[in-house]
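# Observations on the model geometry
Each chain, written out:
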Amino acid sequence: DTAVSQTPKYLVTQMGNDKSIKCEQNLGHDTMYWYKQDSKKFLKIMFSYNNKELIINETVPNRFSPKSPDKAHLNLHINSLELGDSAVYFCASTPSRTGGPDTQYFGPGTRLTVL
Amino acid sequence: TQLLEQSPQFLSIQEGENLTVYCNSSSVFSSLQWYRQEPGEGPVLLVTVVTGGEVKKLKRLTFQFGDARKDSSLHITAAQTGDTGLYLCAGAFSSGSARQLTFGSGTQLTVLP
């Protein structure tokens, strides 16, 4: 049983295109995240949603738009893709947004390559 | 901005050797976590430390949280090839109404047979 799943696993596209990455968690968690991991393996948070509400929005170009249709899903849409968007994008979830330290459950990642 | 520096960035050792990875910051964190990431997969939590000075052991792995809750170390005894992977520390802090993790720069460990 996959806890956090992402599709697609790989995405190769031309500069200027628009693409979406989907994420689903079946853990019943309230909070979901999108992270970007660059070529140097640095993992940086992009967005966080709690029960469909945006709660963290780091300094990310507005070409990136997250959407959460329900608390089990958090999708990421990227407009006008640029070369610098090439990276591995990870979705993650935690049981709650506050309180004690929570384990982050990560998806397998989506490797985006912009040509 | 909370920054976490890990050292070394790369580490290649022979099976059976011991090693220590360091995670340092100028910021105080409410807790600190260590994750391991294998190629093609997402990070997986190894441990969470909460109290300053806390030491936790997970088989051959020993984790320590600094007294001031600004730094941490991961020590592996008698490394095995299965320990190969990217080790990430992550400090937790509250930002407004949300809890957020700041990840370290990562240590790529390779254990050679």
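Notes on the structure follow.

### Here we look at the overall build of chain B
A count of helices and strands for chain B gives 0 helices and 11 strands. When the helices and strands of chain B are placed in sequence order, the string is β-β-β-β-β-β-β-β-β-β-β. Computed over the C-alpha atoms, the radius of gyration of chain B is 14 Å, within 12% of the 13 Å expected from 2.2 N^0.38 for a compact globule of 113 residues. Seen through its principal axes, chain B has C-alpha atoms that stretch 45 × 30 × 20 Å. Residue pairs in contact within chain B that sit at least 24 positions apart in sequence constitute 54% of those at least 6 positions apart. A total accessible area of about 5,100 Å² is found for chain B, and carbon and sulfur atoms account for 50% of it. Treating the 8 positive side-chain charges of chain B as one cloud and the 9 negative ones as another, the clouds have centres 9 Å apart.

### With respect to the side chain of Thr31(A)
Residue position: Thr31(A) is located in strand β4 (residues 31-37). Engagement of the side chain of Thr31(A) in a polar contact is seen with the side chain of Asn50(A), the distance being 2.8 Å.

### Brief notes about the packing of aromatic side chains
This structure, assessed with the given rule, holds 9 aromatic pairs over all chains. For the ring pair Phe90(A) and Phe106(A), a centre distance of 6.2 Å and an interplane angle of 85° mean the geometry is edge-to-face. In this pair, Phe90(A) sits in strand β9 (residues 87-94) while Phe106(A) sits in strand β10 (residues 105-106), placing the two residues 16 residues apart along the sequence. You'll find Phe90(A) and Phe106(A) in the same group, each marked buried. Where Phe106(A) meets Tyr35(B), the ring centres are 5.9 Å apart and the plane angle is 90°; that geometry is what we call edge-to-face. Highlighted residues: Phe106(A) in strand β10 and Tyr35(B) in strand β4 (residues 31-37), drawn from two different chains. The same class applies to Phe106(A) and to Tyr35(B), which are both buried. An aromatic cluster of at least three residues, connected via ring pairs, comprises Tyr33(A), Tyr35(A), Phe90(A), Phe106(A), Tyr35(B) and Phe103(B).

### What to know about the sheet that holds strand β8 (residues 73-78) of chain A
Residues and elements named next belong to chain A. The sheet built from 4 strands is open, its strands ordered β1-β3-β8-β7 with antiparallel pairing. Both edges of this open sheet fall to β1 (4-7) and β7 (64-70), since each of them pairs with a single strand only. Each adjacent strand pair in this sheet contributes to an overall mean axis angle of 20°, direction not counted. With 4 bridges joining them, β1 and strand β3 (residues 19-25) adopt antiparallel strand pairing. Across the sheet, the residue bridging to Thr7 is Lys22, located in β3.

Rules behind the numbers
- Residues numbered from 1 in each chain as written.
- Chains lettered and ligands numbered in written order.
- Predicted model: local features only at pLDDT ≥ 70, side-chain atom pairs only at ≥ 80, totals over all residues.
- Heavy atoms only, no water.
- Helix = DSSP H or I, 4+ residues; strand = E, 2+ residues; numbered from the N terminus.
- Rg over C-alpha atoms; globule rule 2.2 N^0.38 Å.
- Contact = heavy atoms within 4.5 Å.
- Areas by Shrake-Rupley, 256 points an atom, 1.4 Å probe, with all protein chains shown as cover.
- Lys, Arg positive; Asp, Glu negative; His and termini not counted.
- Charge placed at Lys NZ, Arg CZ, Asp CG, Glu CD.
- Polar contact = N/O pair within 3.5 Å; in protein donor to acceptor, adjacent residues only side chain to side chain.
- Phe/Tyr/Trp six-rings, centres within 6.5 Å; stacked < 30°, edge-to-face > 60°.
- Buried < 20%, exposed > 50% of the residue type's maximum accessible area, 1.4 Å probe, protein only.
- Pairing = 2+ DSSP bridges.
- Axes fitted to C-alpha atoms, helices over the stretch in contact; angles between N-to-C directions.

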